[in-house]
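In case you want the letters, here they are:
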Amino acid sequence: MANEWYIVQTYTGYEGKVSRVIQQKLDNGDLSSDIVKSIKVPEEEVVEIKDGKKKVRKNKLLAGYIMAELDLPDLGWKDTFNQIRHIQGVSGFVGTASNERPRPISADEAKNILMRSGEIKGEKLVRIKQTYAIGDTVKITEGPFKDFSGTVDAIDEEKEKLTVNVQIFGRATPVELNMTQVEKAI
């Protein structure tokens, strides 16, 4: 037996409730902590820039799903499986019929999801909820060019960077900025 990550399908919006019920069952002794190691509802941070103010909120990475780290025994796995599956709001385990042994996700998939949510050390993903197009006029809100305006010349969505042409001493000067350092000019 080894610890492996499984994906539990829930009704959308029930992720937190199902997670709490599983934790209660662990605390009450209805589920064995030797089998159920941890339950995670992976979330990512989303930075939204509106009216010059940053708002950080959390979005679920896997809406309608939670992650369960289980050490399922070869015999008796059905008891744990059925206790989790019969919680109100749970549809079942992903990729498994109701009478089959659940299949874990790969270690790489689990690591990727947990890194994106900041659960394990690594690069935590913070997504910017603002879209820019080449030619958009933006106002710089942070850094040495704060309060300058310019036009978007290039966009690197993967790195979340913009190249903005700013008028400095009458000349257009390209400046590379993070998307969090600008806002759309109105």
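Residues numbered from 1 in each chain as written. Predicted model: local features only at pLDDT ≥ 70, side-chain atom pairs only at ≥ 80, totals over all residues. Heavy atoms only, no water.

Structural notes on the sheet that holds strand S8 (residues 137-140)
Right, so step 1: Spatially, the five strands line up as an open sheet ordered S11-S10-S9-S8-S12, and their pairing is antiparallel. Only two strands of the sheet have a single neighbouring strand rather than two, namely strand S11 (171-178) and strand S12 (182-184). Here the average twist between neighbouring strands, direction ignored, is 45°.
Right, so step 2: Pairing of S8 with S12 involves three bridges; the strand directions are antiparallel. Across the sheet, Ile-140 pairs through a bridge with Val-182, a residue of S12. (Pairing = 2+ DSSP bridges. Helix = DSSP H or I, 4+ residues; strand = E, 2+ residues; numbered from the N terminus. Axes fitted to C-alpha atoms, helices over the stretch in contact; angles between N-to-C directions.)

So, the sheet that holds strand S5 (residues 65-70)
Right, so step 1: Within the open sheet, the four strands sit side by side as S2-S5-S1-S6. Their pairing is antiparallel. Unpaired on one side and paired on the other, strand S2 (36-40) and strand S6 (90-93) mark the two borders of the sheet. Averaged over all adjacent pairs, the angle separating strand axes in this sheet is 30°, with direction ignored.
Right, so step 2: In this structure, S2 lies alongside S5, joined through four bridges in antiparallel fashion. When the sheet's bridge partners are listed, Ser-38 is paired in S5 with Glu-69.
Right, so step 3: Packing against the sheet, helix H3 (residues 107-116) makes contact with strand S1 (4-10), S2 and S5, and its axis sits at approximately 120° to S5. (Contact = heavy atoms within 4.5 Å.)

Some details on the pattern of salt bridges
Right, so step 1: Counted according to the given criterion, the structure contains two salt bridges.
Right, so step 2: One salt bridge in this structure joins Arg-103 and Glu-100, with 3.4 Å as the shortest N-O distance.
Right, so step 3: One salt bridge in this structure joins Asp-136 and Lys-184, with 3.8 Å as the shortest N-O distance. One end of the pair, Asp-136, is in the loop between strand S7 (126-128) and S8; the other, Lys-184, is in strand S12, with 48 residues separating them in the sequence.
Right, so step 4: Residue classification places Asp-136 among the partly exposed positions, given a relative accessible area of 21%.
Right, so step 5: Take Lys-184: its relative accessible area is 35%, and that puts it in the partly exposed class. (Salt bridge = Lys/Arg side-chain N within 4 Å of Asp/Glu carboxyl O. Buried < 20%, exposed > 50% of the residue type's maximum accessible area, 1.4 Å probe, protein only.)

Concerning the side chain of Thr-10
Right, so step 1: Here Thr-10 is to be found in strand S1.
Right, so step 2: Once you skip the residues sitting within four places of it in the chain, Thr-10 turns out to touch Glu-15, Val-18, Gly-64, Tyr-65, Ile-66, Gly-89, Val-90 and Ser-91.

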